[in-house]
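# Analysis of the macromolecular model
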Amino acid sequence: QVQLQESGPGLVKPSQTLSLSCTVSGVSITSSQTSWNWIRQPPGKGLEWMGKIHYDGNGAYSPSLKSRTSISRDTSKNQFSLQLSSVTPEDTAVYYCARGYSFSYDHWGQGTQVTVSA
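Presented here is a report on the structure given in the accompanying data block. (Residues numbered from 1 in each chain as written. Predicted model: local features only at pLDDT ≥ 70, side-chain atom pairs only at ≥ 80, totals over all residues. Heavy atoms only, no water.)

Sheet architecture is open: four strands sit in the order β1-β3-β8-β7, paired in antiparallel fashion. Lying at the two open borders of the sheet, with one neighbouring strand each, are β1 (3-7) and β7 (69-74). Going across the sheet, the axis of each strand differs from the next one's by a mean of 20°, ignoring polarity. (Pairing = 2+ DSSP bridges. Helix = DSSP H or I, 4+ residues; strand = E, 2+ residues; numbered from the N terminus. Axes fitted to C-alpha atoms, helices over the stretch in contact; angles between N-to-C directions.)

Okay, here's the thing in structure tokens:
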């Protein structure tokens, strides 16, 4: 079975960097044709795709977040990570990691709440 699980601090102060990790089990993050995505949902709003890293290490980001976002991976730990810099309260959201394959997100983590507040 494929499982994804987010981890990281639930509270971040404004101007700091938000850092989350997604640990993947049941499949390698280097598995052919897969992408590994970060998606968030602010309270009362819809899902917002943030960015991804492909099985081969290539990646892409949402234009609105690109300047502040970095996605990396650690293949030895079978996990990938998100860093979002210079956060504000507008970045408060539930953050999800998800696998992309064949034009869909077929596996998701349960999500983790991150609150940006002083």
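The next subject is a nonpolar patch on the surface. A cluster of nonpolar side chains, contributed by L47, Y105 and W108, occupies part of the molecular surface with about 300 Å² of accessible area. Among the structural elements, W108 can be located in strand β10 (residues 104-108). For W108, a relative accessible area of 35% gives the class partly exposed. (Patch = residues over 30% accessible without salt bridge, like charges linked within 9 Å, V, L, I, M, F, W, Y side chains within 5 Å. Areas by Shrake-Rupley, 256 points an atom, 1.4 Å probe, with all protein chains shown as cover. Salt bridge = Lys/Arg side-chain N within 4 Å of Asp/Glu carboxyl O. Buried < 20%, exposed > 50% of the residue type's maximum accessible area, 1.4 Å probe, protein only.)

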